[in-house]
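For reference, the chains in residue letters:
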Amino acid sequence: MSGLTLEVRGLSTHFDTRAGTVRAVDGVSFSVRRGRVLGLVGESGSGKSVTGFSVIGLVDPPGRIAAGQILFKGTDLTKLREEELRRLRGNRIAMIFQDPMMTLNPVLRIDTQMMETVFAHTKVSRQEAWERSRDALGMVGIPSPEERLSSYPHQFSGGMRQRVAIAIALLHRPDLIVADEPTTALDVTIQAQILAEVQTLAREYGTALIWITHDLSVVAGLADEVAVMYAGRIVESGVVGEVLDRPLHPYTHGLIGSVPSRNKRGSKLRQIPGMTPSLVDLPKGCAFRTRCSHADAACAEDPPIIEPGPGRSLRCFHPQLESVA
Amino acid sequence: MTTWLLRRLVQAVFVMLAMTVIVFVGVNVIGDPVEILISPDADQAERLRVIAAFGLDKPLWEQYLHFLGGVVQGDLGKSFVFNEPALRLIGGRFPATMELAFTAVALSVIVGIPLGLYAGLKPDGLLGRAIMAGSILGFSLPTFWVGLMLIMVFAVQLGWLPSTGRGTTAEFLGIQWSFLTRDGLAHMVMPATNLALGNIALVLRLTRAGVRENLGLEYVKFARAKGLSPSRVLFVHVMKNIMIPVVTVIGLEFGSVVAFAVVTESVFAWPGMGKLIIDSINVLDRPVIVAYLMMIVVLFVTINLLVDLMYTVLDPRVRLDGRE
Ligand SMILES: Nc1ncnc2c1ncn2[C@@H]1O[C@H](COP(=O)(O)OP(=O)(O)O)[C@@H](O)[C@H]1O
Ligand code: SF4
Ligand SMILES: [Mg+2]
């Protein structure tokens, strides 16, 4: 299986709303290997979360997977029945959410919320479930886990709650973790700690990680590969170093230009002008053309996917070869 | 916790003190019981004797202090009509009303929560909509009318259920109860249903709203992402959150169920406190009216206390000492 944990091919996830069909994810392909980290970046509303939920099989109506394959260790998840998906969820594929204040149930104790996850996938004694929960809490750096197990979520800080969520995700040593902006709501130091810990754990267990973020600096420090999303499509992808050092897509250029730490001192921070387009009945052609300074008549057609180098792909008629200013 | 309880008890005493003043003045405004109690052809001397016997010759504030003095000793006065302690009269009727009220509340939970869950899970389905439409009737139809209709259909037309009284009772803890006998239960069906209807509608709508709100919250998605079964997500995760408002409302509604029992008891000739109070108001039997209203105040204060305690059991974020 060549170490590919997940291979997504031509995934389209649509929402049928009264206003029209929202093509939140539109023909997306990517793959993640064992023990590797894929950074999925893009502005808010570009379809990152919907991509993540599609992978774990939690797209709720009116949403539906309209096309594509999600191959998890060779099995197409789009073909599975709900009960088969349930058995994978939280077990082989885990997810961590953005807002740690909202993800834990406020009225259930931490031990309940952890042990039920153990019981959902294995037949073990209460004692063993409790021990596994305690060990998982210890692993993510929660001090005195025995005592903390009998606490309620409101007795934890945001950073600690996110650690609990990560511990829950790690309970069954999953093959794949989808992390949907898990550090966005946390302050920078805690973010850095959690990033480092998750990276270590993923490496250790050979877990493949999809790290969703809108923050390129996180991707630079954490990911092996990066996929840049815009308006439901992946516009550029490749090995992190290459994409960040030699971005080819005008949108990637814009994103990099707007990261403070990557700018030379004194040079102005550039925002990408304009706003992300509405995804309802998006017209064909490059969705970025309303904001792109290189757009021309050709861009009214859908740009083809080109592969400028090994492992690298791009959707643009006019790749930008000059360096990021 | 102890300070909290003490503070609540002191508050309760003040509430009750305030209520005695309101009730005492209010009862005086309704009318003069002497006109009703004394036969029209009694002479003046007889009149004065009765007035003095009831203490009605004294100024209102003195009557009030005398009443308060009695209250401290657990004496709420004697009924003008029955010449029996008002409290004992009410106490005798208390079990009948309580058993009716408890049955009604139990019914609203047993029927309301499952219907609400269903309507919340399938808001667009035919049955889900029908439940919601039905709940509007539960709210808006007047209790006495529904009571009369129940009697018309099930007692008069079909002859399935008895329509008046408590039926055969059995003793438990020295008190007579209807729910312990088949006949008594048959007698309870209609009045309890009648009394429960509004609350079934209320519990149902609250449950439905809770399900709809909670299903959209992130913790539900996370619970599903953990691979929990749909039934565990619904009956453990969602239910525990919904129960917080439902229990609060049911608790608070218990008081108004007892109050509304007045109507139901009149329609079904159920010999509870409600029937007694209506009769007492008709003859301006002041001590009974005052004692009944005081009882209701005690009931409400107690219920509020219990609801607050329940709240801390159900919601770990709530602490009674006001911290957090
Ligand atoms: N339940 C839904 N109904 C309709 N549209 C939705 C729904 N969920 C997401 N979308 C649309 O999908 C698009 C992508 O959303 P999302 O994946 O959450 O973006 P991101 O995570 O990149 O910020 C958004 O434009 C949003 O409007
Ligand atoms: S295809 Fe055209 S509009 Fe789209 S990014 Fe490339 S140059 Fe800009
Ligand atoms: Mg998102």
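As a reminder, the structure under discussion sits directly above these lines.
Described in the following lines is the structure provided in the data block. (Residues numbered from 1 in each chain as written. Chains lettered and ligands numbered in written order. Predicted model: local features only at pLDDT ≥ 70, side-chain atom pairs only at ≥ 80, totals over all residues. Heavy atoms only, no water.)

**Considerations on the overall build of chain B**
Which entries qualify depends on this criterion: Going along the chain from the N terminus, every DSSP run of H or I of four or more residues is numbered as a helix, and every run of E of two or more is numbered as a strand. Only protein chains enter the area calculation, which uses a 1.4 Å probe; residues under 20% of their type maximum are buried, those over 50% are exposed, and those in between are partly exposed. Any two residues whose heavy atoms approach within 4.5 Å are treated as being in contact. Only the protein chains shown count as cover for residues, and the accessible areas themselves come from Shrake-Rupley with a 1.4 Å probe. Asp and Glu are treated as the negative residues and Lys and Arg as the positive ones, with His and the ends of the chain left uncounted. Charged groups are reduced to one reference atom each: NZ for lysine, CZ for arginine, CG for aspartic acid, CD for glutamic acid.
Tallying secondary structure elements over chain B gives 12 helices and 2 strands in all. Mapped from its N terminus to its C terminus, chain B presents α and β elements in the order α-α-α-α-α-α-α-β-β-α-α-α-α-α. Each of the three principal axes of chain B carries a C-alpha extent, and together these read 85 × 60 × 35 Å. Looking at chain B as a whole, 43% of its 324 residues are labelled buried. Partitioning the contacts of chain B with sequence separation of at least 6, the portion at a separation of at least 24 is 72%. Of the roughly 16600 Å² of accessible surface on chain B, 68% is carried by carbon and sulfur atoms. The centroid of the 25 positive side-chain charges in chain B is displaced by 15 Å from the centroid of its 23 negative side-chain charges.

**Thoughts on the side chain of A:Gln113**
Selection criterion: Within 3.5 Å is the distance limit for a polar contact, defined as a pair of N or O atoms, with the added protein rule that one can donate a hydrogen and the other accept it, and that residues adjacent in sequence qualify only through two side-chain atoms.
Topologically, A:Gln113 is positioned in helix H4 (residues 110-121). Within the structure, the side chain of A:Gln113 is placed 2.7 Å from the backbone oxygen of A:Asn105, a separation counted as a polar contact. A polar atom in the side chain of A:Gln113 sits 2.8 Å from the backbone oxygen of A:Leu108. Not counting residues up to four positions away in its chain, the partners in contact with A:Gln113 are A:Leu104, A:Asn105, A:Leu108, A:Pro153, A:Ile168 and B:Lys226.

**Focus: the interface of chain B and chain A**
To be explicit about the condition: What counts as buried area is the accessible surface, traced by a 1.4 Å probe, that two parts surrender upon association, with contributions from both included. By definition here, a salt bridge exists when the distance from a side-chain nitrogen of Lys or Arg to a carboxyl oxygen of Asp or Glu is within 4 Å.
At the interface, 21 residues of chain B touch 29 residues of chain A. Carbon and sulfur atoms supply 61% of the area buried between chain B and chain A, which totals about 2300 Å² over both sides. In terms of surface lost to chain A, no three residues of chain B exceed B:Lys221, B:Phe222 and B:Lys226, which account for 28% of the buried area on that side. At the junction of chain B and chain A, the tally comes to 4 salt bridges. Every element with two or more residues in the side of chain B that touches chain A is listed here: helix H9 (218-225) and helix H10 (230-267) of chain B.

**Observations regarding the site of ligand 1**
Residues and elements named next belong to chain A. Short version of the rule: To be near a molecule or strand, a residue needs just one of its heavy atoms within 4 Å of it.
Ligand 1 sits among 13 residues. The nearest are Gly45, Gly47, Lys48, Ser49 and Val50. Interatomic distance of 2.7 Å between a backbone N/O atom of Gly45 and an oxygen atom of ligand 1. Between ligand 1 and Ser46, the relevant distance is 3.2 Å, taken from an oxygen atom to a main-chain nitrogen or oxygen of the residue. Elements that contribute at least two residues to the shell around ligand 1 include exactly strand S1 (4-17), strand S2 (20-33) and helix H1 (48-56).

**Some words on the packing of aromatic side chains**
Here is the rule: Aromatic rings from Phe, Tyr and Trp, with only the six-membered ring used for Trp, were paired whenever their centres fell within 6.5 Å, and each pair was classed as stacked if the ring planes differed by under 30 degrees, edge-to-face if by over 60, and tilted otherwise.
Under the criterion given, the structure shown has 10 aromatic pairs over all chains. Look at A:Phe97 and B:Phe222: their rings are 5.5 Å apart centre to centre, the planes differ by 85°, and that puts the pair in the edge-to-face class. Note that A:Phe97 is positioned in the loop between strand S6 (93-96) and helix H3 (100-103) and B:Phe222 in helix H9, a pairing that runs across two chains. Residue A:Phe97 is classed as buried on the basis of its relative accessible area of 2%. On the basis of relative accessible area, B:Phe222 is assigned to the buried category, the value being 2%. For the pair A:Tyr230 and A:Tyr251, a centre-to-centre distance of 4.6 Å together with 55° between the ring planes defines the contact as tilted. Highlighted residues: A:Tyr230 in strand S9 (residues 225-230) and A:Tyr251 in helix H11 (residues 250-257), separated in sequence by 21 residues.

**Observations regarding the sheet that holds strand S7 (residues 176-180) of chain A**
Residue and element names in this part refer to chain A. Worth spelling out the cut-off: Only strands joined by at least two bridges in the DSSP assignment are considered to pair. Helix axes are fitted to C-alpha atoms over the stretch in contact, other axes to C-alpha atoms as well, and angles between N-to-C directions run from 0 to 180 degrees.
Reading across from one edge, S6-S7-S8-S3-S9-S10-S12-S11 is the order of the 8 strands in this open sheet, with mixed pairing throughout. The open sheet terminates on both sides in strands that have one partner only, identified here as S6 and strand S11 (305-309). Between one strand and the next, the sheet's axes are offset by a mean angle of 20°, whatever the strand orientation. Pairing of strand S10 (residues 233-239) with strand S12 (residues 312-315) involves 2 bridges; the strand directions are antiparallel. Among the inter-strand pairings, Ser237 is bridged to a residue of S12, identified as Ser313. Most of the contacts of H1 go to S6, to which it runs at about 150°, and overall it touches strand S3 (37-41), S6, S7, strand S8 (208-213) and S9.

**Focus on the packing of helix H5 (residues 86-121) of chain B against helix H8 (residues 182-215) of chain B**
All names here are of chain B. Note the threshold: Crossing handedness follows the turn of the near helix against the far one: under a right angle anticlockwise gives a left-handed crossing, and clockwise gives a right-handed one. Residues are sorted three ways: Asp, Glu, Lys and Arg are charged, Ala, Val, Leu, Ile, Met, Phe, Trp, Tyr, Cys and Pro are nonpolar, and all the rest, Gly among them, are polar.
Here H5 crosses H8 at 35°, and the two axes come no closer than 5 Å. Like other packed secondary-structure pairs, H5 and H8 cross with a definite hand, here right-handed. The class makeup of the residues in the contact of H5 with H8 is 20 nonpolar, 8 polar and 3 charged.

**Considerations on helix H7 (residues 158-170) of chain A**
Residue and element names in this part refer to chain A. The condition that has to hold: To estimate the expected span of a helix, subtract one from its residue number and multiply by 1.5 Å.
In a regular helix each residue adds 1.5 Å, so 13 residues correspond to 18 Å; H7 covers 18 Å between its end C-alpha atoms and thus fits that length. The buried fraction of H7 amounts to 12 of the 13 residues, a majority that puts the element mostly inside the structure. Of the positions making up H7, those classed as buried are Gly158, Gly159, Arg161, Gln162, Arg163, Val164, Ala165, Ile166, Ala167, Ile168, Ala169 and Leu170.

**Here we look at the nonpolar core**
Convention followed: Buried residues of nine kinds, namely Ala, Val, Leu, Ile, Met, Phe, Trp, Tyr and Cys, make up a nonpolar core once their side-chain atoms join them within 4.5 Å.
Core analysis: the largest hydrophobic core is formed by 96 residues, its most contacted members being A:Leu6, A:Phe30, A:Met114 and A:Trp211. By residue number, the principal contributor to this core is H7(A), which donates 7 residues. Excluding anything up to four places from it in sequence, A:Phe30 contacts A:Leu6, A:Glu7, A:Val8, A:Leu38, A:Thr51, A:Val55, A:Ile210 and A:Ile234. Formed by 55 residues, the second largest nonpolar core is a distinct cluster that contains B:Phe24, B:Leu89, B:Ala104 and B:Ala196.

**What to know about a nonpolar patch on the surface**
All names here are of chain B. Inclusion rule: In this analysis, a patch consists of residues with relative accessible area above 30% that form no salt bridge, clustered at 9 Å for like charges and at 5 Å for the nonpolar side chains Val, Leu, Ile, Met, Phe, Trp and Tyr.
Taken together, Leu137, Leu141, Phe144, Trp145, Leu148, Met149, Met152, Val153, Leu158 and Trp160 make up a surface patch of nonpolar side chains, about 950 Å² in accessible area. Broken down by element, the residue count for the nonpolar patch peaks at 6 residues, all from helix H7 (residues 143-157). Looking at where Met152 falls in the secondary structure, it is placed in helix H7.

Take it as geometry only, folks, not as evidence of what the structure does.
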